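# Reading the structure
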Amino acid sequence: MHDIKAIRDNPDLYEQAWSAKGRSGVAAQALELDTTLRAAQTALQEAQSRRNDLSKQIGQAKGRKDEAEASRLMAEVETLKGVLESQGAVERDTGEALRDLLAGLPNLPAPDVPPGADENDNQEVRRWGEPFAITSPKDHVDLGETLGLMDFEAAARMSGSRFVVLKGQLARLERALGQFMLDLQTREHGYLEVSPPLLVRDEAVFGTGQLPKFAEDLFHTEDGRWLIPTAEVSLTNLVRDQITPTEELPLRLTALTHCFRSEAGASGRDTRGMIRQHQFQKVELVSITTPDQSDKEHERMVGCAEAVLKALELPFRTMLLCSGDMGFSARKTYDLEVWIPSEGRYREISSCSNCGDFQGRRMNARTKAAGEKATRIVHTLNGSGLAVGRTLVAIIENYQDENGAIAIPQALHPYMGGLTRIEAGA
RNA sequence: GGAGAGGUGGCUGAGUGGUCGAAAGCACCGCACUCGAAAUGCGGCGUGCCUUAACGGGCACCGUGGGUUCGAAUCCCACCCUCUCCGCCA
């Protein structure tokens, strides 16, 4: 959500950014609503002021039993009714229209975000590791099914497409990955472990920006709640409607949760395998910071996500997303892409975004320094550290051998009870 | 799910139709007293918005949203949340 005052101060900047996303003219539209709104507010408030004044006099007149004067004053209030109602209606309707308009407009890219239309304009920032030399690599579906530890058919029978059943050592590997990532982020990087709700209200999902525009991407429950598409929703909403003391910032939060996505707009994409599922686990990182800290925190967060891939010795590259490829709430985003041998390319495994004050304003999350009178909207950042399902895919494929066995990265050995390979019959 | 109680400022808590944005206490800030501190005294101390060059002026907010009324923290309706008891339950 944007500050209407900021749009007032710098309409061209907003117009430029939004027209690039196909929403030309909305800045002017917002300003026009704003002008109407403030005129109505002023007119309404003047009438209310007058009414309050007269009502006070009515009370006094009644107090001294002057019924004639009271009736005269009440008649005068009656004449204000028209203005009160009409201006009140204008204020309500215009305010709602303005809020609805602003709520549907995406964040502005930071100045150092490269302009561009889609993923082809993203910039590679750095690369780590070399793709392993694997002759005719199998994909994770082949490998998993041959091992007898990955069953898409059983999942489809009970749940439909985009689900999977993992068994035995693969199920254990998934669990190991979640534990390992969580331990790394809490022990090495100082994040506070949180176990949050997975079902949330409208306001929470509005706060992070999935509502109102992206409702069809989410699962909705019969009692009106939403399954979180990412723990970003639960973690960021921890500061909703709160004034967090500035001394306590930055807040660094992490959670291992399941995530649920309807993938409504992805029909036909990644239908094979575990890359795109309705349900997957993810370790999420969220930072709540002051406005001046957020850029630095963003770089730090990317490092925390990269550390997982380095520890697992998986080749990856770090991409700076261009303006056209960023999500709704982000002002700057880095994606980590891990090497997927069967596809012969890098694929997204983490996305780290600085949202600036965009989400903070939507959820009224503020901070105040001791001794200061003014509050400021906090900055929020989120990143995956990492997506567990896709990391599992990357390990299976990158660590396969010619016999279809999977070597387990050293960092995970303690989490696998010392097991170093997954072989058929395990 | 059933029955009941309740949601007021950072906290405790008074207020059941008019001068209440709201008593009082605590906490906090400033000043005085003091060598200093404590105690005491005096003063200050919510948020958002509109308006103004500024000083200032105004509006709204007593869980949320509606309604009644000239006027609502106070009356009515709906919803949300908390607590107690009963039931059910991992």
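Notes on the structure follow. Remember, predicted model here, so these are calculated numbers, not experimental data. (Residues numbered from 1 in each chain as written. Chains lettered and ligands numbered in written order. Predicted model: local features only at pLDDT ≥ 70, side-chain atom pairs only at ≥ 80, totals over all residues. Heavy atoms only, no water.)

## What to know about the protein's contact with RNA strand B
This is how the line gets drawn: Think of it this way: one heavy atom of a residue within 4 Å of a molecule or strand is enough to make that residue near it. We define a polar contact as two N or O atoms separated by no more than 3.5 Å, with the added condition that, inside protein, one atom must be a possible hydrogen donor and the other a possible acceptor, whereas residues neighbouring each other in sequence contribute only through side-chain atom pairs. Secondary structure elements follow DSSP: runs of H or I no shorter than four residues count as helices, runs of E no shorter than two count as strands, and numbering proceeds from the N terminus. For this classification, Asp, Glu, Lys and Arg are treated as charged, while Ala, Val, Leu, Ile, Met, Phe, Trp, Tyr, Cys and Pro are nonpolar and the rest, including Gly, are polar.
Near RNA strand B, the surroundings consist of 20 residues, among which Thr-42, Gln-45, Gln-48, Ser-55 and Arg-201 are the closest. Within the side chain of Thr-42, a nitrogen or oxygen atom sits 2.8 Å from a sugar or linking oxygen of RNA strand B. A distance of 3.1 Å is found between a phosphate oxygen of RNA strand B and a side-chain nitrogen or oxygen belonging to Thr-375. Counting residues per element, the ones that place at least two in the surface near RNA strand B are helix H1 (4-9), helix H3 (26-63) and helix H4 (67-103). At 12 residues, the largest contribution of residues to the surface near RNA strand B is made by H3. Residues of the surface near RNA strand B, tallied by class, amount to 3 nonpolar, 9 polar and 8 charged.

## Some words on the layout of surface pockets
Leftover empty space is mapped by rolling, across the atoms, a probe with the size of a water molecule. As a reminder of what qualifies: Definitions used for this entry: grid spacing 1 Å over protein atoms alone; cavity, a set of points where a 1.4 Å probe fits but cannot get out; pocket, an open set with protein on both sides within 12 Å along at least 5 of 7 lines; lining residue, one with an atom within 4 Å of a point. Grid points are joined across faces, edges and corners, and a volume is the space filled by probe spheres set on the points.
Roughly 670 Å³ of internal volume is contained in the second largest pocket. Around the second largest pocket, the lining is made up of 28 residues, and of these Ala-17, Asn-107, Leu-108, Pro-109 and Ala-110 lie nearest the centre. Of all elements in the fold, only helix H2 (11-20) and helix H11 (358-362) reach the threshold of two or more residues within the lining of the second largest pocket.

## Remarks on the nonpolar core
Nonpolar side chains in soluble globular proteins generally cluster together in the buried interior. Condition: Put simply, a nonpolar core is a bunch of buried Ala, Val, Leu, Ile, Met, Phe, Trp, Tyr and Cys residues held in one set by side-chain atoms that sit within 4.5 Å of each other. Think of it in three bands: with a 1.4 Å probe and only protein chains considered, a residue is buried below 20% of the maximum accessible area for its type, exposed above 50%, and partly exposed in between. Any two residues having at least one pair of non-hydrogen atoms within 4.5 Å are treated as being in contact.
Ranked by size, the top nonpolar core spans 50 residues in total, and within it Ile-395 and Ile-422 carry the most contacts. It is helix H7 (residues 168-188) that contributes the most residues to this core, 8 residues altogether. The residues contacting Ile-395, other than those within four sequence positions of it, are Leu-173, Leu-177, Leu-312, Leu-314, Gln-400, Ile-406, Ala-407, Pro-409 and Leu-412.

## Structural notes on the packing of aromatic side chains
Rules: Each Phe, Tyr or Trp ring (for Trp, its six-membered ring) is paired with any other whose centre lies within 6.5 Å, and the angle between the two planes then decides the class: stacked below 30 degrees, edge-to-face above 60, tilted in between. The rule is short: NZ of Lys or CZ of Arg within 6 Å of the ring centre and within 35 degrees of the ring normal puts a charge over the ring.
Evaluation of the coordinates by the stated rule reveals 7 aromatic pairs. Centroid distance Phe-328 to Phe-358: 5.5 Å. Interplanar angle 75 degrees. Geometry classified as edge-to-face. Here Phe-328, found in the loop between strand S10 (316-320) and strand S11 (332-340), pairs with Phe-358, found in helix H11; they are 30 residues apart in sequence, far enough to count as distant. Summarising the burial analysis for this pair, Phe-328 and Phe-358 share the class buried. Taken together, Phe-214, Phe-328 and Phe-358 form an aromatic cluster joined through their ring pairs. A cation over an aromatic ring shows up here: Arg-362 above the ring of Phe-206, its NZ or CZ 4.2 Å from the ring centre.

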